[in-house]
Structures are given as C-alpha cells and as structure tokens.
Amino acid sequence: MHKILLIIQREYFSRVKKKSFLLMTFLVPLFFIALYGGIFYLTKKSFKDAHAHVYILDQQGSFAKQLKSDPNITFTVSDRSLQDLKKQIKDDEQNSSILVIPKEIYQQSTIELISADKANITIQNAIARQLEGIIRIGEYKKLGIDPELLQSVQPHISVNAKELTEGGEEKNSNTGIAMGIGVGLAVLVYLSLFLYGVQVMRGVIEEKSNRIIEVIISSVKPFQLMMGKIIGIGMVGLTQFLLWIILTGGLVFGATKLINKETVEQAAMQQGGPGMNTVSQAPASGLGFGILQHLESVNVTEIIVCFFLFFLSGYLLYSAIFAAVGSAVDSETEANQFTMPITMPLLLTYVLSFGVIINDPNGPIATWLSFIPFTSPIAMLVRIPFGVPTWQIAVSLALLVTTFLLVTWLAAKIYRVGILIYGKKANWKEIIKWMKY
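Residues numbered from 1 in each chain as written. Predicted model: local features only at pLDDT ≥ 70, side-chain atom pairs only at ≥ 80, totals over all residues. Heavy atoms only, no water.

## Structural notes on the overall build of the chain
A tally of regular secondary structure across the chain gives 17 helices and 6 strands. In the chain, the share of contacts with a sequence separation of at least 24, taken over all contacts with a separation of at least 6, comes to 71%. Approximately 25500 Å² of the chain is accessible, and the part contributed by carbon and sulfur atoms is 63%. (Helix = DSSP H or I, 4+ residues; strand = E, 2+ residues; numbered from the N terminus. Contact = heavy atoms within 4.5 Å. Areas by Shrake-Rupley, 256 points an atom, 1.4 Å probe, with all protein chains shown as cover.)

If you want it as structure tokens, here you go:
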C-alpha cells in the first residue's frame, strides 16, 4: 500500500506542477465564458451587418404604407423607375434590395425581391410574413370580419409543471433546466473519461518506450504501478473539476450581479423617483433570481455527489482498460486498433444522450443504459436531473464498482505481461492469451 501511495504522489504532483495543468485549470472557465460572450456579440453583430434597406415599388397601391420597418429592415417608398433603382442598389455599399409588389398580388400571391447579391433568407421571410399579414387583414375585411377583434383573441398558456415527491408533496419541475444539466454532464463526462484515460495510456507507453518501466518494476509490483498511475491521474482530474466548479461559479455569480445591477439602474432611469419602490424589488425578478428559482427544481447536491461518484468510478474502469492497452503496445499508432472498441459504448451513450435519454429519461432504453457499467457513467448522470429512484442509483453504482474490480483484475494480468514485451505487435488473440497466464 505504501508503494502505491508513493506512485500516486509521483503521478499527481508531476502533473499538477506542470504549466499546462495550471493553464487548463484557470483558463478553461474563462475560455467558456468568453466563448459564450463572443457568440452573443458575433450573433448581435451579424444581425446588425445583415440589416437591409428595401425600396418599395407598390404597383397595387395600398401595401407600401402598411409595411413597417424593424431593426432588421428599413422600408423606403420610392417613386423612381425600376431601372434607376437597379443602378442605385448596384452602387450602394449597404445591403439594399427592391421590393416589387404587383397589382394582382391578391390573385397571384407572388412578389419580386431584387438584390445586388443573394437576398438574406431571414429578410425574405420577414417581408413575406408582413405581406401575408396585410393580405390576411384585407381578406378579413372583405368577409366582414373585424381584424382587431380577431387579434385581441390571443390566448397564451403558461405551463407551471409540478412533480410529486416520494412523500406525496408537490414541487416545481423545470424540464428545460434538467435537460441542460443532463446534456452538460454528458459532454463533460465523455470528454473527461476519454481525456484522462488516454493520459494513463500515454504515460504507460512513454515509460515503456523509454525503458523507465524496467527500473520502476524492480521496486514495485506491476499491479501496484498500474493502480498508482490510475488513481494519481484520477486525483488530478478531480482537482481540476473542483477548481473549475469554484471558478465558474464565482464568475457566473459576478456576471449575474453585474447584469442585475445594470437592470436596476436602467429601471431607475426609466421610472425616476416615484418608482423607487418597484426598482428596489428589481433584483428579486432579475436574471440571478430566475436562475436560482429554476435550480430549485433539481436536487443540486444529489447531482454534484453523483457526478463525482460516477465520474470517479467510470474513470477507474476505463483507465484500467487504457492502462492495459498501453502496456500491450509500443506506440499510440498501434493503440488505435484497441481504443475504438473501448470507447464505442461511451460514444454510443453520448450520442443517445442528446435525443433518446433526455426525451424519455425513465424509458426502458435510458434505464438499461444506466445499469450497464460501460455506459452508466454518462447515462445515469443524464437521467439524475430528471429524478431517479435512489435504488436505481445504488444498483447502477454497485454494478459499476463491481465491474471496475473485475476489469482491473483482468487488466492487471495483461499489464504484468505486456509491460515488459517490446517489438512485438499485440492483437486481440495475444491479449486474451495473456489473461490466461
């Protein structure tokens, strides 16, 4: 046990002290927040750049005055000829088009949109929707129907979802937040298991190719070396996750407070002195309060605890397999033939997470995937935000741990033989033979 602890210490601190670990730990939360900020900015800018200036040639006569400009389109009624407008939009630096509304639009239901380049599909749809609305109102009037009366009848149903607890009490249920957490955990666990498992394999291949393993193996047993590497790198992953959670939580909290402060200031400027009572209550209805209210519908403590349990168990399972593969080959190129079959269950569950599991988290497919040890690290974590019976979590975790122990025993048999074999390409038949030694 003492030797395993020494190997764990060696693997852990040799990686934690690296600059790459520090950069990944502190820059990843900033990267993701900057990524979302960049997406928001670029999306907003793309809408601004796509703003269209549309010249209207209304041959029918009554449509031009009913078309309304909006942030995406500016309409301008023109009395110039079509040829003159064509020359103008060719020379315009801005995104310009000509909208030709024919006299027989009620019969033809067809218009022309002439642009110097290909017309933006969003602009086309926006113009079509406005014209459809104008025609609809015109048809209503012909039939003697009051359009304003029809528009006043706009029912909207807000679904306040509730779910029953085991004690028969009602609690808020937000499927959207559960889906978001489930998909986020699926992405995180899939990437992490693959990333840290490959690190274990690379470490074994590197020590084997440099013949360092021959020196180490003279002091410790192969099983002790394998477990030390697996647990040490796993602790690095858990350290990184804890720091990511703390840093991301702090950054999100700070951003939420900043957004709420701006909301209050804008409300104060708009409402002035008399509305101060309303303004003082603004934070209660701000973004931060909305997020917290939605998070109340899921058991955050259960999600965090289960995340660490299933991530650690799944990591130990797959890392034992990756360590065995690393010991059986001399390079990463040779390892490719083995890594694909190993990661297929993870990849399958990851793909199914985005459709099958989140759409029917308590269905037979999702339930069975959460019990199969090679798929449960992802499938169960996707299901947990939707509410999973405690006995299913316990059985899934027990099966996962039991499979880890069995796989580790088999991986150790492969590891102790393969770690000292050089220059011979291993295959599945050879590996199975090593298990029987």
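Text resumes after the structure shown.
## Notes on a nonpolar patch on the surface
A surface patch of nonpolar side chains, amounting to about 320 Å² of accessible area, comprises Leu27, Leu30, Ile33 and Leu251. Top contributing element to the nonpolar patch by residue count: helix α2 (residues 19-49), with 3 residues. For isoleucine 33, the position within the fold is in helix α2. (Patch = residues over 30% accessible without salt bridge, like charges linked within 9 Å, V, L, I, M, F, W, Y side chains within 5 Å. Salt bridge = Lys/Arg side-chain N within 4 Å of Asp/Glu carboxyl O.)

## Description of the side chain of threonine 408
Inspection of the secondary structure assignment puts threonine 408 in helix α16 (residues 390-418). The class of threonine 408 is buried, set by a relative accessible area of 4%. (Buried < 20%, exposed > 50% of the residue type's maximum accessible area, 1.4 Å probe, protein only.)

## Quick notes on helix α14 (residues 364-371)
Residues Ala366, Thr367, Leu369, Ser370 and Phe371 constitute the buried set of α14. Contacts made by the buried residues of α14 are with α13 (332-359), α15 (376-383) and α16.

## A closer look at the UniProt feature "transmembrane region" (unreviewed entry) in the chain
According to UniProt, the feature "transmembrane region" (unreviewed entry) maps to residues 21-42, 177-198, 230-255, 304-326, 338-358, 365-384 and 390-412 in the numbering used here. The span residues 304-326 is 100% helix and 0% strand, and its two end C-alpha atoms sit 31 Å from each other. The span residues 390-412 is 100% helical and 0% strand by assignment, and the distance between its end C-alpha atoms comes to 33 Å. (UniProt positions renumbered as here; feature names shortened; annotations may be inferred.)

## Let's talk about the sheet that holds strand β2 (residues 73-77)
The mixed open sheet is built from 4 strands, whose spatial order is β2-β1-β3-β4. Two strands bound the open sheet, and with one partner strand each, they are β2 and β4 (112-115). This sheet shows a mean twist of 25° between the axes of neighbouring strands, independent of strand direction. Where strand β1 (residues 52-58) meets strand β3 (residues 96-101), 6 bridges bridge the pair, whose relative direction is parallel. Residue pairing across strands places leucine 57 opposite valine 100, the latter belonging to β3. In the packing of helix α3 (residues 82-91) onto the sheet, contacts are made with β1, β3 and β4, and the angle to β3 comes to roughly 160°. Packed onto the sheet, helix α5 (residues 121-142) meets β1, β2, β3 and β4 and runs at close to 60° relative to β2. (Pairing = 2+ DSSP bridges. Axes fitted to C-alpha atoms, helices over the stretch in contact; angles between N-to-C directions.)

## Concerning the side chain of threonine 343
Tracing the sequence through the fold places threonine 343 in helix α13. A polar atom in the side chain of threonine 343 sits 2.9 Å from the backbone oxygen of threonine 339. Leaving out residues up to four positions away in the same chain, threonine 343 has contacts with Phe194 and Phe322. (Polar contact = N/O pair within 3.5 Å; in protein donor to acceptor, adjacent residues only side chain to side chain.)

## What about helix α17 (residues 428-436)?
Among the residues of α17, Glu430, Ile431 and Trp434 are the ones counted as buried. Down the axis, α17 shows its buried residues gathered within 100° of arc, on one side only. Every exposed residue of α17 that faces more than 90 degrees away from the buried side is listed here: Lys429 and Lys436. Packed against the buried residues of α17 are α12 (300-328), α13 and α16. (Arc of directions from axis to C-beta.)

## What about the packing of aromatic side chains?
By the definition in use, this model includes 9 aromatic pairs. With centroids separated by 6.0 Å and ring planes inclined at 15°, the aromatic side chains of phenylalanine 307 and phenylalanine 311 adopt a geometry described as stacked. Of this pair, phenylalanine 307 and phenylalanine 311 are both found in helix α12, 4 residues apart, which corresponds to roughly one turn of the helix. The exposure classification of phenylalanine 307 matches that of phenylalanine 311, with both residues buried. With a centroid separation of 6.3 Å and an interplanar angle of 85°, the aromatic rings of tyrosine 318 and phenylalanine 374 are classed as edge-to-face. In this pair, tyrosine 318 is assigned in helix α12 and phenylalanine 374 in the loop between α14 and α15, connecting sequence segments 56 residues apart. (Phe/Tyr/Trp six-rings, centres within 6.5 Å; stacked < 30°, edge-to-face > 60°.)

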